[in-house]
Amino acid sequence: VTIYIFRRFLLMVPPLIGITRLLFAVMRLAPGDPAALAAGAMGDSGSGALQTDSNVQDAVTKFRQRYKLDEPLLVQYGFWLKSVLQLDFGNEFFRPNVAVRDELWQRLKVTVPLSLISVLLSYLIALPLGIFSAVKRGTVQDNIATSIVFLLFSLPTFWAGLMLILLFGATGLDWLPVLGLHDKDAETFTRWEYFKDLVLHTILPITCLTYGSFAYLSRQMRVGMLDGVRRHFIRT
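Note that this is a predicted model, so its numbers are computed, not measured. (Residues numbered from 1 in each chain as written. Predicted model: local features only at pLDDT ≥ 70, side-chain atom pairs only at ≥ 80, totals over all residues. Heavy atoms only, no water.)

1. Comments concerning the overall build of the protein chain
Item 1. Along the protein chain, the regular secondary structure elements total nine helices and zero strands.
Item 2. Reading the secondary structure of the protein chain in the N-to-C direction produces α-α-α-α-α-α-α-α-α.
Item 3. Compactness check: the protein chain gives a C-alpha radius of gyration of 26 Å against a globular reference of 18 Å for 236 residues, more than 25% above the reference.
Item 4. In the protein chain, which comprises 236 residues, the share counted as buried stands at 22%. (Helix = DSSP H or I, 4+ residues; strand = E, 2+ residues; numbered from the N terminus. Rg over C-alpha atoms; globule rule 2.2 N^0.38 Å. Buried < 20%, exposed > 50% of the residue type's maximum accessible area, 1.4 Å probe, protein only.)

2. So, the packing of aromatic side chains
Ring pairs (aromatic) are described by centroid distance and by the angle formed between their planes.
Item 1. For the structure on display, the rule yields six aromatic pairs.
Item 2. An angle of 40° between the planes, with centres 5.9 Å apart, marks the rings of F24 and W80 as tilted. Placement of the pair is F24 in helix α1 (residues 2-29) and W80 in helix α4 (residues 73-85), with a sequence separation of 56 residues.
Item 3. By relative accessible area, F24 is classed as buried at 14%.
Item 4. Each ring, one from F153 and one from Y216, has its centre 6.2 Å from the other, and the planes form 25°; the classification is stacked. Note that F153 is positioned in helix α6 (residues 140-154) and Y216 in helix α8 (residues 191-229), a separation of 63 residues in sequence.
Item 5. Of the residues examined, F153 reaches a relative accessible area of 48% and is grouped as partly exposed.
Item 6. On the basis of relative accessible area, Y216 is assigned to the partly exposed category, the value being 44%.
Item 7. Aromatic ring contacts, followed pair by pair, group F24, Y77 and W80 into a single cluster.
Item 8. Here the basic side chain of R21 rests over the ring of Y77, its NZ or CZ set 6.0 Å away from the ring centre. (Phe/Tyr/Trp six-rings, centres within 6.5 Å; stacked < 30°, edge-to-face > 60°. Lys NZ or Arg CZ within 6 Å of the ring centre and 35° of its normal.)

3. With respect to the confidence of the model for the protein chain
Item 1. Scored by pLDDT, the protein chain has a mean of 80; 93% of the residues are at 70 or more.
Item 2. Throughout residues 43-51 the model reports pLDDT below 50, and contacts reaching past four residues in sequence, or to other chains, amount to four contacts. (pLDDT = per-residue confidence, 0-100. Contact = heavy atoms within 4.5 Å.)

4. A look at the packing of α6 against α8
Item 1. Running from amino to carboxyl end, α6 crosses α8 at an angle of 135°, the nearest separation of the two axes being 8 Å. If you check the angle between α6 and α8, you find them oblique. Crossing geometry of α6 relative to α8 is assigned as left-handed. Counted together, D142, T146, V149, F150, L152 and F153 of α6 and Y211, G212, F214, A215, Y216, S218, R219 and R222 of α8 form the full contact between these two elements.
Item 2. Of the residues belonging to the contact of α6 with α8, the class tally is eight nonpolar, three polar and three charged. (Axes fitted to C-alpha atoms, helices over the stretch in contact; angles between N-to-C directions. Parallel < 35°, antiparallel > 145°, perpendicular 65-115°, else oblique. Left-handed = near helix turned anticlockwise from the far one by under 90°. Nonpolar A, V, L, I, M, F, W, Y, C, P; charged D, E, K, R; others polar.)

The following block contains the structure:
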């Protein structure tokens, strides 16, 4: 198993390098100069005094030298790849003191738990629903379940999220919060109130992440069940 996983990992490396090289080249060929943009941002967010042309040019030159933008494209890619492997994604253009890695971590701390909960719920819903549809194949219950599942699967997530906000948010029924993970007064809550507030804030995001997945998985489960029950040894 270890050798198989290692081989699969090695097979992933060439396509990954090819895709990143292609995307890197496309980004570098796009209009605009990152160095000039960064120099302009530094001029706007500095002390308020306008930079002279020489100062701007010096800033552009230093930025290019720092990030190897004055080197050939292959050297730039190697520098970028080395930085990525070291988890060094640099700082933001318009907020030079803010590291991109820190911003990613702040968002991953929310995205990863929500995604894991969504995957768990998808399987908890999809497996029984798929088995039910297979057992009730051709009945009214199966037709209703199939119609609902295909309807959910066809709904774009961004549209469904907006509809849920309008329906359950302050503009609609006002049952659920639609911003953030906690209420502004969450620091004063007891543990139970804090947990309840967190659950209420995550209902809508988890719903949007889950409905499309369990719709697809339930169809897969139904097909697998029907294929299994038709086998001769199962009938026997």
